[in-house]
Protein chains: 2
Amino acid sequence: MWQLLQFPLCPFSRKVRLLLGEKGVAYEPVRESPWMRRDEFMDLNPAGQVPVMVDTERGVTLIDSSVICEFFEETVDKAAMLNGTAVDRAEIRRLTLWFDTQFFSEITAPLLQERMLKRLVYKQSPDGQVLRAAMKAAVGHLDYIDYLLDHRTWIGGATMSLADLAAAAQISIADYLGGIDWKSHEQAKRWYIGMKSRPSFRPLLSERMEGIPPPADYEKLDH
Amino acid sequence: MWQLLQFPLCPFSRKVRLLLGEKGVAYEPVRESPWMRRDEFMDLNPAGQVPVMVDTERGVTLIDSSVICEFFEETVDKAAMLNGTAVDRAEIRRLTLWFDTQFFSEITAPLLQERMLKRLVYKQSPDGQVLRAAMKAAVGHLDYIDYLLDHRTWIGGATMSLADLAAAAQISIADYLGGIDWKSHEQAKRWYIGMKSRPSFRPLLSERMEGIPPPADYEKLDH
């Protein structure tokens, strides 16, 4: 069986887990804290990042969430997440990257740094200015999601796609870390509640990072 | 015809141009300096990055080098650059990302900041410490290329692939900016001379960024 090396608040591992859940691929989650830079893990992935997937029986290692998603999209027909023409697929990949890089660098990464790493690793208090900048950036990204959903049914086009999984994965971590205010974002909120309600999403919402409790509404399906 | 928005020292635009050259896709390069954050360009790509490809006749816009490469790999059969099994393709994509992200962030990005942006935009002198750190990181990456070429014919496996184009694109910019010392890297050097000799590479080597001349050996095929 596949093993998935990850930790509960990794947005890229969540994107992969949503894809595996939709496609019905069985896997065993294995806890890896990449900031510990464990020797065996650094040998496995010199980039030092999760997720990594390993199939020890077949001797296969898959590194990086976008590589893993393309692999399962190519090898498992069920629940195709890169649908349509080559142009449609380019738009899905563009928006997947948008959330993987822009949303991550402006919102998820600073929230993880201030609210997770500073507590668990550096034993420091979070920097309020960085937190406020991340929350302000989140408003801009929710505006963009509202705009996209004014023009199409799902984030990436007419059908649910990898772009929805990437967006929901980043938002769910930002939401866990108190960075999302849904006020005046009814469209985005309705879409996110739809994503939260999916069977692929439920197991992620019940997980906790030790010492870091989520807000009261985090797991609720009407918030 | 396709237009490619780019500037001469953009490693990601170079990766795309190598792919288009190998595949024989015609395009018109259009100069775009993303650091100017031109309004029309920011409307086209909110991420504010090149390369962007536009086909005005068909009304198609392709954003991000990895999206563009996947698009032409899907639509043009000639010179396939993601060959082999799904596992082979995962390894090619992993190494492409390795050069796009690790090599770029440790070497190309600081060299562009210190030797291009500081001269053209900020009117500052380069920081010697940053330059030395980038050149030291380059030695580590050349070691890794030597290691890969000890085990396989090309960077990503048995055939030339997108991983070779990504690696050569990053290295060519680092080389232009004086960041590469080939000493004790015979394997990597032989591979790079092979890449430089390809017809797809020749037009890139003759281009210059205004006010920033490359080292004397940059364009030579025996260096």
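Residues numbered from 1 in each chain as written. Chains lettered and ligands numbered in written order. Predicted model: local features only at pLDDT ≥ 70, side-chain atom pairs only at ≥ 80, totals over all residues. Heavy atoms only, no water.

Topic: the UniProt feature "domain: GST C-terminal" (unreviewed entry) in chain A
Taking the UniProt record as the reference, the feature "domain: GST C-terminal" (unreviewed entry) is found at residues 85-215 of chain A. Annotated as 69% helix and 0% strand, the span residues 85-215 of chain A places its first and last C-alpha atoms 41 Å apart. (UniProt positions renumbered as here; feature names shortened; annotations may be inferred. Helix = DSSP H or I, 4+ residues; strand = E, 2+ residues; numbered from the N terminus.)

Notes on helix α7 (residues 186-196) of chain A
Taken together, the buried positions of α7(A) are A:Ala188, A:Trp191, A:Tyr192, A:Ile193, A:Met195 and A:Lys196. Those residues of α7(A) that are buried lie in contact with α5 (128-151), α6 (162-176) and α8 (202-205) of chain A. (Buried < 20%, exposed > 50% of the residue type's maximum accessible area, 1.4 Å probe, protein only. Contact = heavy atoms within 4.5 Å.)

A few points about the side chain of B:Glu70
Considering the arrangement of structural elements, one finds B:Glu70 in helix α3 (residues 65-75). Taking relative accessible area as the criterion, B:Glu70 reaches 10% and is therefore assigned buried. Sequence-distant contacts of B:Glu70, that is, excluding residues within four places in its chain, are made with A:Glu70, A:Arg93, B:Leu82 and B:Arg93.

A word on the sheet that holds strand β3 (residues 52-55) of chain B
Residues and elements named next belong to chain B. The strand order β2-β1-β3-β4 describes an open sheet built from 4 strands, whose pairing is mixed. Across the chains shown, the open sheet's two edge strands, defined by having one partner strand only, are β2 (27-31) and β4 (60-63). Recorded for the sheet is a direction-independent mean angle of 20° between the axes of neighbouring strands. The sheet contact formed by β3 and β4 spans 4 bridges and is antiparallel. Each residue of the ladder has a partner; that of Asp55, found in β4, is Val60. Strands in contact with α3 are β1 (2-6), β3 and β4; relative to β4, the strand with the most contacts, it is inclined by about 125°. (Pairing = 2+ DSSP bridges. Axes fitted to C-alpha atoms, helices over the stretch in contact; angles between N-to-C directions.)

Quick word on the relation of the copies chain B and chain A
Rotating chain B by 180° about the axis while translating it 0.0 Å along that axis superimposes it on chain A, leaving an RMSD of 0.0 Å. This pairing of chains is accounted for by a two-fold axis. By residue overlap, the copies meet face to face through one surface: 100% of the interface positions of chain B are interface positions in chain A. (Least-squares fit on C-alpha atoms with pLDDT ≥ 70 in both.)

Topic: unusual backbone geometry
All names here are of chain A. The omega torsion of the bond from Val50 to Pro51 falls at 5°, within 30 degrees of zero and hence cis. Relative to the helices and strands, Pro51 resides in the loop between α2 (39-44) and β3 (52-55). Look at Asp64: it is not a glycine, yet its phi comes out positive at around 90°. Within the secondary structure, Asp64 sits in the loop between β4 (60-63) and α3 (65-75).

Points about the UniProt feature "domain: GST N-terminal" (unreviewed entry) in chain A
Under the feature "domain: GST N-terminal" (unreviewed entry), the UniProt entry names residues 1-80 of chain A. For the annotated span residues 1-80 of chain A, helix accounts for 38% and strand for 22% of the residues, and the straight-line distance between the end C-alpha atoms is 21 Å.

Describing the interface of chain B and chain A
Each partner contributes to the interface: chain B provides 23 residues, whereas chain A provides 23 residues. When residues of chain B are sorted by the area they lose upon contact with chain A, B:Val67, B:Glu74 and B:Arg93 head the list and together hold 23% of the total. On the surface where chain B and chain A come into contact, there are 6 salt bridges. Note that A:Glu70 and B:Arg93 form a salt bridge whose closest N and O atoms lie 3.7 Å from each other. Applying the counting rule to chain B against chain A returns 4 residue pairs in polar contact (both at pLDDT 80 or more). At the level of secondary structure, the elements contributing two or more residues to the side of chain B that touches chain A comprise β4, α3 and α4 (86-122) of chain B. Take the side of chain B that touches chain A: its biggest share by element is 9 residues, from α4(B). (Buried area = accessible area lost by both parts, 1.4 Å probe. Salt bridge = Lys/Arg side-chain N within 4 Å of Asp/Glu carboxyl O. Polar contact = N/O pair within 3.5 Å; in protein donor to acceptor, adjacent residues only side chain to side chain.)

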